[in-house]
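# Inside the fold
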Amino acid sequence: MENTDNRPDPDELLASLRQEEEKSKRGKLKIFFGMCAGVGKTYTMLKTARSEKIKGSDILIGVIETHKRPETEEMVEGFEIVPRITYEYKTGHVQEMDLDAIIARKPHTVLVDELAHTNAPGSRHTKRYQDVLEILENGINVYTTLNVQHLESRSETVAQITGIVVRETLPDEIFENADEVELVDLTTIELLQRLSEGKVYSPERSREAIENFFREGNITALREMALRIVADRVDKQLHDYMQQKRIRGPWKSGLHLLVAIDYSPNSTRLLRWAKNLSYSMGAVIQALYVETLHKLTPREREQLDKNIKLARQLGIKFRIITNIDVVKAIVEFAQKENVTHIIVGKPRVRNLQSMLQLGNFVNRLIRYSGNIDVYILGADSKAKDKYRKKVSVPSFTSNIRQYLIVSLIIALSTIGFYVIKDIAGYQVISFGLLFLVSILAIFYGTGPILLAATLSALIWDFLFIPPQFTLHIEQPEDMLMLVMFFIIALLNGILTSRVRRQEKKIRVREERTHALYQLTRDLSAASGILEVSKIADRYIKKYFNLDCAILLKNDSNLLDNQIVHSDPKIILTENELSIAAWVFKHSSKAGKHTDTLPSTGYTFYPLTGSNENMGVIAVEHNRLLTQGEEQFWEAFISQISGKFEREYLRNVSKKAYLLNESDKLYKTLFNSISHELRIPVSTIMGASDTLLSHQYPEETKLKLYGEINTASVRLNRLIENLLNMSRLESGRITPRPDWCDVQDLANKVSDNLKQELQLFRLSVIIPSTMPLVFIDFGLIEQVIHNLVLNATQHSPAGSRIRLKIFHDSDLLIIQVMDRGPGFPESELMSVFNKFYRGKDAIAGGTGLGLSIVKGFVEAHHGTVVAENRQNGGALFTIKIPVKTAPLDQLTKTED
Amino acid sequence: MTNEGNILIIDDEVQIRRLLGITLSANGYLISEAATGKEGLVLAATTHPVLIILDLGLPDADGLDILKKLREWYFKPVIILSVRNAEDDIINALDLGANDYLTKPFRTGELLARIRLAIRQSQSGVDKPILVFGSLSIDLPNHTARKNNEILKLTSTEFSLLALLAKNEGRVLTHTQILKEVWGYGYTEQTQYLRVFVAQLRKKIEDDPSRPKLLLTESGIGYRFAESS
C-alpha cells in the first residue's frame, strides 16, 4: 500500500497551498445550503447579513427572491439593494442581477440568492454561479443560497427519488470550493408545518406542492442527502486542515480514480457515481475517453460531447487518447498516472463483431490491470434500450452517386463476363466478380460494397449458375459457393473500408501534425506583429476555414480596441469589443458556443502566452467544434499566442534598447553640435565685434570679413547636414526621380566645391556611352558632394581625387577615391554611423556627412561600401539600381 | 546717389529685411518693406515698385498665393527668396511667373546681379536680333549660330532650345517651361529629351562640354543661360 508512513502527499500539499493563495485574493463564498425550498435559507442569510451589518460591514443585496414571504420581506428592509437590469425578451421582459453595478460598487459582501439560477438570454453568463465567480474574482465576498437538488452530481438521484427532473444545476466544484457552507435545516415535520401554514407558498400552491414534491418520504430523503453532503464536507475540511498543518492522521489520500467513459448515455451515470465515490474517498479523479477506429454517428458524437462537458462540470480532469485497443490504452494510462482504481461501465453487447472483441473486454481489463482495482458498473436498462436502437441502424454515409456508380460498374462487367462465360466457365466468373468487389471496396464505403456484394451474388446466380435465368440452384456445391461468395465479398468490403477509415484518421492526424509543424516554422521565421497576424489568419483560413479578427494588448496591458488584423467580413460592434475585453481580462473563452454570452455572433478566445494574456482572437464558428478539432484549435492558438508573446517581449526589449540608444545619441548630438556651432559663431561674433569697435587698416578688415564669411559657410553646411539628417530620421526622404545626365551631376558637385577643391586635382571619369539615369538629381548630388568633400578633408593637399561614374546593365555605380589615410580595418563597418569621426579627423566635421550619404543611397534602394585602396586611400562605391535611357536612341527618334 | 527705383521686400524676418534694406539702399534703390502678404499686396499697389522680392514662407498667406494675386496686375519682375529643399515651391513659383529665385542663405552679390538683370530685361523693349556670348553668336532671324565665326550645324530643335535659353539670358527656366516652348504642350514630362538635347548642345557651343560656362544646370529646377558681357 502507498502512504504507509502517513506523510502528506507533496503534490496534494502543493495543491492546497496554491488553492489557499488563490483564495486569499478572491472574495469569500458562503453558501446557505438546504434540502429544498422553504427551509428558510434566504431568511437565514438575511439574518446573518443583518448581524454583520450591525457590526459595521458594508453589505448590500445583489438579488433576493422573497417569494412574497412576509418574514423574509421584513428582513430585506434597511439593506441597500442594487437595482436590477431589465432584458427585453420575446415574451416580455426579465429582470436580472446587475453584475457590473455590483463590481463597480465594490461592497465588502453582496447577497446573491439562488446560486443555481439560469440567467435570461442576453446576459453575460448563462448561469448565475458564473456571475458569482466573477464577483468573487473582484475581491467581493458573496452570500448565496443553494438546494441539494441543484448539485450536478446529485441531480439524477433527486430525479430518481422525487420524479422531478432538475434543470438548473451547477458544477459540484463551486460547492466544494466554497469557503463556508451553512446548513439550514428543519425537521420534516417542521417543514410540512410551515408549508401548511402557508409560510412557503400560497395556500393553493401549498396543497399542490405537498401532494407532489413535498411528500414526507421525499423530504426525508433529500434531508438525508443534504446532511450527508455537509458531513462529507466537514470531513474533507478536517482532512485539508490536517494536511495543511501536517498533522499525521489516517490519510485516505493517495487514492486515484480513473473513470473510462465512452459515447453512451450510460457514461453520465458512471461519471456522477465516480465523482461521489471520489468525494467520499478523498481521492483524485480523472476521466478518460479512448478514441478508436469506430466512426461516431452525429448522435454518438453529441452524446460524447455531453459526457465530456459533464465531466468538466463535475470538476473531473479529462483526457482523450487514441488507440485501437481500448483495454491497453486504459491500462497504460492508469499505470502512467499512478491510478489506484479504474471504473468502467459494463459493456453492452452490440453486434457480432463487438461481441467477439468486447466479450472479453472485462476479462482483459482485469487481466492486464495488475494491482489496480477495477470497478464495473452495471448499465441503466432504460438507457441501454435507447442506445441499442441507435447503434442498430447502420450508418450509410455514402451518397446516392456512389451507389449508382457501383451498380453501373457491376452491370458493365456483367456484360463482359457474359460474353466470355462459355470460354471461362461460371465458376471462374465468380472469381472475377469477387475480384471486382474487392477492387471496389478500395474506393467506396460500406453501403455501396454491401450493394455490390449482393448484386454480384444475385447476378452470378441468375445469369451464370445453371440453370440460367433463374435464381434456382441445382447443385448443392453451387449453393455453397454462392453463400461463400457472398460472405467473402462482404467481409472483404467491410475490412477494406475499415482500413480506409483508419487510414483517413491517421491522415487527418498527420495533416494536423504537419499543419502545426508548418505553422510553427512559419511563425518562427516571421517578425513583427503584423506578419505574425497575417500568418495566423492564413493558417486559420486554411485549416479551419474560418475568418478571424485579432486584438492585441497595448503597452498599458489593456486590450487595445485597435484590431491588429481582421478579415473584412468581421466587423466587431462596441458590445462585441467589450466581450473581447472580458475574455482578455478573465482569460477564458466567451461568445457563441460557450457558456458565457452565447448569444453573440462570434466566439472569442484568449491568446494566452506563457506568462500573460497577449490578446483575443475572434472567429465565427458556424458549428460546435468536435473534440479533436477543439484540441487542434487550442494547439494552434497556443502556438500563435506564444509567438505574439515573443514578439511583444522583443518589442519591449527593443524599445528599452532604443531608448538607451537615443539617449546616447542625444548626448553625442549635443556634444558634437554645440561644439560645431560654437566655433563659427564665436568667429563671427569676435570678428564683427572687432570691426565694430576699432578702426583698423583696410587689409585687416578684409581678413576679418573673410573669416566671417568662412565661418558662415561652415555654419550653413552644418545646418544643411542637420536638416538632411532630420529629413532622413523622420523618414520623409522619398526620392523623386527624373532623367539625369550624370555629367551634369559631376559638374554641379565640382562647381559647388570649387573652393574646397582648389588644392586638389579632381578627375571625373564618365564613359562616353553613359546613358541617362532615372534618379533624384538633388539627393544624388548631395551624396557625391558629401563624398568628395569628405575626400578633400582627409587627403593631403595636391593629391588626386577620382570621381568615377559608370553603369553595369541596370546598376548605376559611383566611385569616389582619394589618397588619404583610409580607414582602420576595424572601423570600416562603422564609418556610415551617425557621428562617426575618424581618429585623426580634422576640425569642421560633424560625422553626419557619410551617414547622410548612406541614407540617401538607401532611399534609392542602393548600397554604399567603404574600402581601403591597395596603395593607400579610401574608396567609396555606390550601387543604385536604375532605369537607363541611352542617349543616341533618344536623339534618333527626335530628328 | 542715383535712384534706381523702388524695390518692395515682402519677408516676415526683420533681420533679412534689414540686411536687404542696407544692401539695396547702398546700391541706389529705394526700399519699401512688408512683413505680411496682405501688407505686401497693398504696398505693391501703392508704391509702384520696379521689382518685388518675395519670401515664400509668410505668416499670413502662402507666398505662391500672393504671387498669383500679384501677377493679375503686376507685370514687373518678382524674385523669389526661399529656403533650401523647397524645389517644388520654386518650380511652382517660376511656372506662376516669378522671374528668378534665390535660396536662403544667399550671397548679396548674387542677389544684386539678379535684380539688375531682371530690371534690365523688363525694361529693354526691343528684342535684339543677334545675341552675343563671348565667342558664340546667335542670329535669331536667320536661325543660325556661330562659334568662333564658324556656323554651327544645329538641328531645328537644338536651335529652338538655344534661342529660347539665350533670349532669357541669366534667367532660370524650368523644365516644364522649356519643354512647353520647344517641344509643345504634350511633352512637358519628357525630361529625357531635354537632357539629351542639352548634352548635345553643350558639345557644340561650349569650349569644354564637361565644364559648361554657358548652358548651366539648376539642380532639380531647370536651366539658365549665362549672362552676356
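## Concerning the overall build of chain A
When helices and strands are counted, chain A shows 30 helices and 26 strands. A burial count over chain A gives 45% of its 895 residues as buried. Partitioning the intrachain contacts of chain A with sequence separation of at least 6 by distance along the chain shows that 71% fall at a separation of at least 24. Taken as a whole, chain A presents about 47000 Å² of accessible surface, with 55% of it coming from carbon and sulfur.

## A look at the sheet that holds strand S7 (residues 141-147) of chain A
Residues and elements named next belong to chain A. Spatial ordering of the open sheet is given by S3-S2-S6-S7-S1-S8, a layout of 6 strands whose pairing is parallel. Looking along the sheet, the strands with just one partner apiece sit at the ends: strand S3 (80-81) and strand S8 (180-183). Pairing between strand S1 (residues 29-34) and S7: 6 bridges, direction parallel. By the bridge assignment, glycine 34 is partnered in S7 with asparagine 147. Helix H2 (residues 41-54) rests against S1, strand S2 (59-63), strand S6 (109-112), S7 and S8 of the sheet, and its axis sits at about 160 degrees to S7.

## What about the packing of aromatic side chains?
Residue and element names in this part refer to chain A. Under the definition given, this model contains 20 aromatic pairs over all chains. Centre to centre, the rings of phenylalanine 632 and phenylalanine 636 are 5.1 Å apart; their planes meet at 75 degrees, and the pair counts as edge-to-face. One end of the pair, phenylalanine 632, and the other, phenylalanine 636, are both in helix H24 (residues 627-693), 4 residues apart, so they sit about a helical turn from each other. Comparing phenylalanine 632 with phenylalanine 636 shows no difference in burial state: the two are buried. What links up through ring pairs into an aromatic cluster is the set Tyr539, Tyr543, Phe544, Tyr605, Phe632, Trp633 and Phe636. Above the plane of the ring of tyrosine 368 lies arginine 367, whose end atom (NZ or CZ) is 5.5 Å from the centre. Looking at lysine 421, its charged tip hangs above the ring of tyrosine 418, at a distance of 4.7 Å from the centre.

## Some details on the sheet that holds strand S20 (residues 761-765) of chain A
Residues and elements named next belong to chain A. Reading across from one edge, S20-S22-S23-S25-S24 is the order of the 5 strands in this open sheet, with mixed pairing throughout. Because the sheet does not close on itself, it has two edges, and the strands there are S20 and strand S24 (863-868). If you compare each strand with its neighbour and ignore which way they point, the axes differ by 15 degrees on average.

## Quick word on the nonpolar core
All names here are of chain A. In terms of nonpolar packing, the biggest core is built from 61 residues, with Ile31, Phe33, Met35, Leu111, Ile135, Leu146 and Phe214 touching the most fellow members. Residue contributions to this core peak at 6 residues, all from helix H10 (residues 216-244). Once residues within four sequence positions are removed from consideration, leucine 146 is found in contact with Ile31, Phe32, Phe33, Gly34, Lys41, Leu115, Ala116, Leu151, Leu170 and Phe175. In terms of nonpolar packing, the next biggest core, distinct from the first, is built from 48 residues, Met725, Val749, Leu828 and Ala866 among them.

## Section: the confidence of the model for chain A
Atom-level detail of predicted coordinates should not be read off regions where pLDDT is low. Residue and element names in this part refer to chain A. Looking at chain A, the pLDDT average stands at 80 and 87% of residues meet or exceed 70. Per-element mean pLDDT across chain A ranges from 42 in helix H16 (residues 381-392) up to 94 in strand S23 (residues 811-817). Counting interchain partners and residues more than four positions distant, the pLDDT-below-50 stretch residues 1-5 has 4 contacts. Contacts of residues 248-253 to residues separated by more than four positions or lying in other chains number 20 contacts, the stretch itself having pLDDT below 50.

Conventions we followed
Residues numbered from 1 in each chain as written. Chains lettered and ligands numbered in written order. Predicted model: local features only at pLDDT ≥ 70, side-chain atom pairs only at ≥ 80, totals over all residues. Heavy atoms only, no water. Helix = DSSP H or I, 4+ residues; strand = E, 2+ residues; numbered from the N terminus. Buried < 20%, exposed > 50% of the residue type's maximum accessible area, 1.4 Å probe, protein only. Contact = heavy atoms within 4.5 Å. Areas by Shrake-Rupley, 256 points an atom, 1.4 Å probe, with all protein chains shown as cover. Pairing = 2+ DSSP bridges. Axes fitted to C-alpha atoms, helices over the stretch in contact; angles between N-to-C directions. Phe/Tyr/Trp six-rings, centres within 6.5 Å; stacked < 30°, edge-to-face > 60°. Lys NZ or Arg CZ within 6 Å of the ring centre and 35° of its normal. Core = buried A, V, L, I, M, F, W, Y, C linked by side-chain atoms within 4.5 Å. pLDDT = per-residue confidence, 0-100.

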